[in-house]
Structures are given as C-alpha cells and as structure tokens.
Amino acid sequence: MPQVNKTLPPSVSRLIDAFTQLPGIGPKSASRLAYYLLRAPSEEAMSLAEALRDLKTRTRFCSVCMNITENNPCDVCADPTRDHSVICVVEEPLDVTAIERSRSFNGVYHVLHGVISPMNGIGPDELKVHELLTRVSAGGTGESPSVHEVILATNPTLEGENTAAYIQRKLAGTPVKVTRLARGLPVGGDLEYADEITLSRALEGRQSM
Ligand SMILES: [Zn+2]
C-alpha cells in the first residue's frame, strides 16, 4: 500500500490508503473522507465500521442464484409465489435491485458477478456461469423446478453482448428457451442522439401497433 504522507499519524494515513483502494476515489477524496470521519461524532464513525464488518461477516452468495444475501436461499429464491421456471441472468446484484424496482418481473434471478472480458483476464470460469448451466440442467430433477426460459439481461455493451452470446451457445441444444432483453430508445429520448447499438436494437425489437 502506498503511504500517502509520512507526516500523518499512521491511523489516518492507513484510512486514506484504504479509501484510495476504492473505485472512483482518488487521493484527494480519500483525504477528505478521512478528515470528515476524524471530525465526525464517534457514533457516526463506529456505525460505518460496524456496517463494513457486517457487510463481510453477515453476507454470502445465495446458493441458488448467487445474489448477495444474509439468508440462504435468498428471499427471492425462497418465495413460492415467484415463477421459478424463468431465470433472469444479470451481471451484478444491483441489476436485480433495478429490475425488482420495475415490479415487472416475477421470475427468479441468476447473478454472474461480472462479464466475460478477455482484456481484463476474465473468462467464464471467473464468473458464475457454470453455476447457471448446472442450475438449468438440474432443472426438473429432485427439488429443483424445471427451467423453461432464461432471459439474458446483461448490459447492452460489447462485453455484455459477448457474455450473452456465450451463454446462449452453451444453452443451445437444451429445451430451454433463451431470450434477450429488448432494447429500445429511452423514454423522452431523441432518435437523433441515439447511438447505433440502441437504434439497431430498437429496430430489431420493433412491435406491431
Ligand atoms: Zn437466491
């Protein structure tokens, strides 16, 4: 770890160093956060420390969908009112939150925890792809309900598209229906400013009126 400044007390520079490791936090923001906490009431700093500890000690992967959870299986996987035959595959836990917020999906999820990215040395083995394929192929046996549809809801980026294509190839030849989220123009958007991928996806996903 780089020492930010040797004149600082070690406990302060250690915290600054730790903040600097976080995504999107540069040395300036890190110092600002550390000095904010130094001046903040004790309870505020302690509550942050507790939240950090709980984050690592209380959470784990749901053994079914790989989402982050405190209960295993997670609340979605344990919910008998949800359609367990439809699995929506997403990149990150936050994507589950976003789809849940839309209240338009009553199936279950599978969280990949990233996308295939050869540039960054991330292949399918670094993600929860194997767990998905096992889950789909185990469907209908024993306790697992059979899976009818897998919705590939990775992001419409190059890596997201490649990841979706990879999973689609892996599921080809199984009786499972594989679908991809329709892409469209954002509500309130303007055709003129839409990028090529969005525009071509919106055309592909056109519907009769
Ligand atoms: Zn789950």
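Residues numbered from 1 in each chain as written. Predicted model: local features only at pLDDT ≥ 70, side-chain atom pairs only at ≥ 80, totals over all residues. Heavy atoms only, no water.

Peer 1: Looking at this structure, how should I read the layout of surface pockets?
Peer 2: To find leftover empty space, one rolls a probe the size of a water molecule over the atoms. If you add up the space inside the largest pocket, you get close to 330 Å³. Lining the largest pocket we find Arg14, Leu15, Ala18, Phe19, Leu22, Leu37, Ala45, Leu48, Ala49 and Leu52. Contributions of two or more residues to the lining of the largest pocket are made by helix 1 (10-20) and helix 3 (42-57). Taken together, the residues of the lining of the largest pocket sort by class into nine nonpolar, no polar and one charged. (1 Å grid on protein atoms, 1.4 Å probe; cavity = no way out; pocket = protein on both sides within 12 Å on 5 of 7 lines; lining within 4 Å. Points joined across faces, edges and corners; volume = space filled by probe spheres on them. Helix = DSSP H or I, 4+ residues; strand = E, 2+ residues; numbered from the N terminus. Nonpolar A, V, L, I, M, F, W, Y, C, P; charged D, E, K, R; others polar.)

Peer 1: Please clarify how a nonpolar patch on the surface should be interpreted in this entry.
Peer 2: There is a patch of nonpolar side chains on the surface, built from Leu48, Leu52 and Leu55 and spanning about 280 Å² of accessible area. Inspection of the secondary structure puts Leu55 in helix 3. (Patch = residues over 30% accessible without salt bridge, like charges linked within 9 Å, V, L, I, M, F, W, Y side chains within 5 Å. Areas by Shrake-Rupley, 256 points an atom, 1.4 Å probe, with all protein chains shown as cover. Salt bridge = Lys/Arg side-chain N within 4 Å of Asp/Glu carboxyl O.)

Peer 1: Where do I start with the nonpolar core in this structure?
Peer 2: General note: in soluble globular proteins, nonpolar side chains tend to be found buried as a group. Among the nonpolar cores identified, the biggest contains 32 residues, and Cys88, Val89, Val150 and Ile167 are the most heavily contacted of them. For this core, the secondary-structure elements that each account for two or more residues are strand 3 (86-90), helix 4 (93-102), strand 4 (108-111), helix 5 (129-138), strand 5 (149-152) and helix 6 (158-171). When residues in this core are grouped by element, the largest group, five residues, is from strand 3. If near-sequence neighbours (up to four positions away) are discounted, Ile167 is found in contact with Val89, Leu112, Val129, Leu132 and Leu152. (Core = buried A, V, L, I, M, F, W, Y, C linked by side-chain atoms within 4.5 Å. Buried < 20%, exposed > 50% of the residue type's maximum accessible area, 1.4 Å probe, protein only. Contact = heavy atoms within 4.5 Å.)

Peer 1: Just to check I follow, could you spell out the packing of helix 5 against helix 6 for this structure?
Peer 2: To characterise two packed helices, one gives the angle between the axes of the helices and the distance between these axes. Here helix 5 crosses helix 6 at 35 degrees, and the two axes come no closer than 11 Å. In terms of crossing hand, the pair formed by helix 5 and helix 6 is right-handed. Contacts from Val129, Leu132, Leu133 and Val136 of helix 5 reach helix 6 at Tyr166, Ile167, Lys170 and Leu171. Across the contact of helix 5 with helix 6, the residue classes break down as seven nonpolar, no polar and one charged. (Axes fitted to C-alpha atoms, helices over the stretch in contact; angles between N-to-C directions. Left-handed = near helix turned anticlockwise from the far one by under 90°.)

Peer 1: Please explain the domain arrangement of the protein chain as it appears in this structure.
Peer 2: Interface size is commonly expressed as the accessible area that is lost once the parts come together. Each assigned domain of the protein chain is listed here: domain 1 (10-57) and domain 2 (68-203). A straight line from the C-alpha centre of domain 1 to that of domain 2 covers 34 Å. (Domains from an automatic or database assignment.)

Peer 1: Which parts of the structure should I look at to understand the sheet that holds strand 3?
Peer 2: The pairing of strands in a sheet comes from backbone hydrogen bonds and takes either a parallel or an antiparallel form. Pairing is parallel in the open sheet, where four strands are placed in the order 4-3-5-6. If you trace the sheet from one side to the other, it starts and ends with strand 4 and strand 6 (177-180), each paired once. The average angle at which neighbouring strand axes cross in this sheet is 25 degrees, direction not considered. Pairing of strand 3 with strand 5, which is carried by four bridges, proceeds in the parallel orientation. Paired with Val89 across the two strands is Leu152, which belongs to strand 5. Of the strands in this sheet, strand 3, strand 4 and strand 5 are in contact with helix 5, which crosses strand 4 at around 145 degrees. (Pairing = 2+ DSSP bridges.)

Peer 1: Is there a simple way to explain the coordination of the zinc ion in this structure?
Peer 2: Geometrically, a metal with four donors at the corners of a regular tetrahedron has ideal angles of 109.5 degrees, and one with six donors at the corners of a regular octahedron has ideal angles of 90 or 180 degrees. The coordination sphere of the zinc ion contains the protein donors Cys62 (SG), Cys65 (SG), Cys74 (SG) and Cys77 (SG), at a distance range of 2.3 Å. Because the angles between the four donor atoms bound to the zinc ion fall within 106 to 116 degrees, the donor set is best described as tetrahedral. Sequence spacing of the donors to the zinc ion: C-x2-C-x8-C-x2-C. Taking relative accessible area as the criterion, Cys65 reaches 3% and is therefore assigned buried. (Donors = N, O, S within 2.8 Å, 3.2 Å for Na, K, Ca; no water. Tetrahedral: all angles 85-135°; square planar, octahedral: opposite > 155°, others 65-115°.)

Peer 1: Looking at this model, I keep getting lost on the pairing of strand 4. Mind explaining?
Peer 2: The two faces of the sheet receive side chains in turn, since in a regular strand these alternate between them. Burial along strand 4 is two-sided: the face carrying Val108 and His110 and the face carrying Tyr109 and Val111 are both buried. Direction of pairing for strand 3 relative to strand 4: parallel, over a ladder of four bridges. Each bridged residue has a counterpart across the sheet, and for Val90 the counterpart in strand 4 is Val111. Once the chain exits strand 3 it traverses helix 4 before rejoining the sheet at strand 4, and the crossover so formed is right-handed. (Right-handed = clockwise from strand over helix to strand, strands pointing away.)

Peer 1: Teacher, can you tell me more about helix 2 (residues 27-39) here?
Peer 2: Every α-helix carries 3.6 residues per turn, so stepping three or four residues along brings you back to the same face. For helix 2, which comprises 13 residues, the first-to-last C-alpha distance of 19 Å matches the rise-based estimate of 18 Å (1.5 Å per residue) to within 8%. Every buried residue of helix 2 is listed here: Ala30, Ala34 and Leu37. Looking straight down helix 2, one finds its buried side chains confined to an arc of 65 degrees; they lie on one side. Structural note: helix 2 exposes Lys28, Arg32 and Arg39 on the side pointing more than 90 degrees away from its buried face. (Expected span 1.5 Å × (residues − 1). Arc of directions from axis to C-beta.)

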